[in-house]
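# Tertiary structure, described
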Amino acid sequence: MATVKNSKKKIRRIATEEAFSIPEVASALRDVARSPSNSSDMILVKRIYDAPDDDKSPMGRMRARLIDLEDERLRDMDENGVDMHLLSLTAPGVQMFDADTATELAALANDRLAAVIQRHPTRFAGLATFAPQSPKRASKEMDRAINKLKLNGFILNSHTNSEYLDNQKYWPFLEAAEALDACIYIHPRGASDGMAAPFRDYGLDSAQWGYGLEVSTHAVRMIVSGLFDHFPKLKICIGHMGEAVHFWFWRLDFMNKHAQDRGSAPKLKLKPSEYFKRNFVITTSGQESPLALDYSIKALGIDNVMWAIDYPYQPSTPAVKFMDTAPVSDAEREKLYHGNAERVFHIAAGASAKGAGR
Ligand code: VNL
Ligand code: MN
């Protein structure tokens, strides 16, 4: 068992950015992989969804680990003392499909998610998928996902057809999320068409670099467009230690003021950094740097940071060790490991799951 600094107490561990898929979505992504699309997601989609169905293929194994919920995943959680995965349909979600296919597959994925949570209510919670391609139907599915399926919030894989949420055609579902008091987790996908070119070399298309730029740009567009003056209670979560947005606070505030003064940006009620602190929470997914954690807590406050693994793309053992040994107090560790996730994602406060091996 990993050592817990300062304490022997067992702390409930809720991992908040944990990826899954269902066979129907994986097979639709295989069709995308074989299509002529030029999206930067194609590099990853071909790698994972057109890999051989074979135990010896590492990417075939990755696809199997995404689809598995109750076998290897639960074992990995038990071995690492992880009480709960907050599951989300993995990137690019349904956002590369046509509107009808996307709407249908989102509902199917949400049904499967609700069913597995019902079978393992102490081990899984889940973020609902929706199809931004059809904002009106998306709002209906969002309502069903929260009120009927009792899911815990929403997942959105950044841009849709290279458009961002500051585009008012998407506002119906922002209104729905705000009214439902449900947080939207903006997860990365390959960069939008206009910014993808420099990320096509050296493996920069995905988690190494491109993903962070894609989501940080999305978050900043939302903020400086004035969207949060229309939706002051909307909650957005971003992973990978906040995609470095808060590292830019000083310059963003200073230069946004200039942009406002010369008329190239809308007037805002607050400074960009104030919206980020009010409307965003972040997770530590796939970014296990104690220095970045320390900066994040100082910049955003301890109530706005949550632990995540990024399973199965990242291994669980180092993610647990990172949080077990983070130089924070036990009260802070409780918030990072589960308290903030319980509040933001409406997860019932509860004891560690039986069988969580610690
Ligand atoms: C990767 C990492 C991909 C984390 C992900 O979603 C993710 C990757 C597609 O390393 O390719 O959530
Ligand atoms: Mn992820």
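What counts and how
- Residues numbered from 1 in each chain as written.
- Chains lettered and ligands numbered in written order.
- Predicted model: local features only at pLDDT ≥ 70, side-chain atom pairs only at ≥ 80, totals over all residues.
- Heavy atoms only, no water.
- pLDDT = per-residue confidence, 0-100.
- Contact = heavy atoms within 4.5 Å.
- Buried < 20%, exposed > 50% of the residue type's maximum accessible area, 1.4 Å probe, protein only.
- Helix = DSSP H or I, 4+ residues; strand = E, 2+ residues; numbered from the N terminus.
- Pairing = 2+ DSSP bridges.
- Right-handed = clockwise from strand over helix to strand, strands pointing away.
- Donors = N, O, S within 2.8 Å, 3.2 Å for Na, K, Ca; no water.

### Describing the confidence of the model for the protein chain
- The share of residues in the protein chain with pLDDT of 70 or more is 95%, and the mean pLDDT across the chain is 95.
- Counting contacts from residues 1–7, a segment whose pLDDT is below 50, to residues more than four positions away or on other chains yields 15 contacts.

### Here we look at the pairing of strand β2 (residues 84–89)
- The buried count for β2 comes to six of six residues, which makes it a mostly enclosed element.
- A two-sided burial pattern is seen for β2, the buried positions comprising M84, L86 and S88 on one face and H85, L87 and L89 on the other.
- Alignment of strand β1 (residues 14–20) against β2, held across five bridges, turns out to be parallel. Within the sheet, the bridge partner assigned to I14 lies in β2 and is M84.
- Alignment of β2 against strand β3 (residues 124–126), held across three bridges, turns out to be parallel. If you follow H85 over to β3, its bridge partner there is F124.
- Chirality of the crossover, the property in question, places the unit of β2, helix α5 (residues 99–119) and β3 among those that are right-handed.

### Observations concerning the coordination of the manganese ion (ligand 2)
- Taken together, the protein donors to the manganese ion (ligand 2) comprise E17 (OE), H187 (NE2) and D310 (OD), at separations of 1.9 to 2.2 Å.
- Sequence positions of the donors to the manganese ion (ligand 2) reduce to the motif E-x169-H-x122-D. Of this pair, H187 sits in the loop between β5 (184–186) and α8 (210–224) while D310 sits in the loop between β8 (305–306) and α13 (316–324); the two residues are 123 residues apart in sequence, bridging distant segments of the chain.
- Overall, the relative accessible area of 8% leaves D310 in the buried class.

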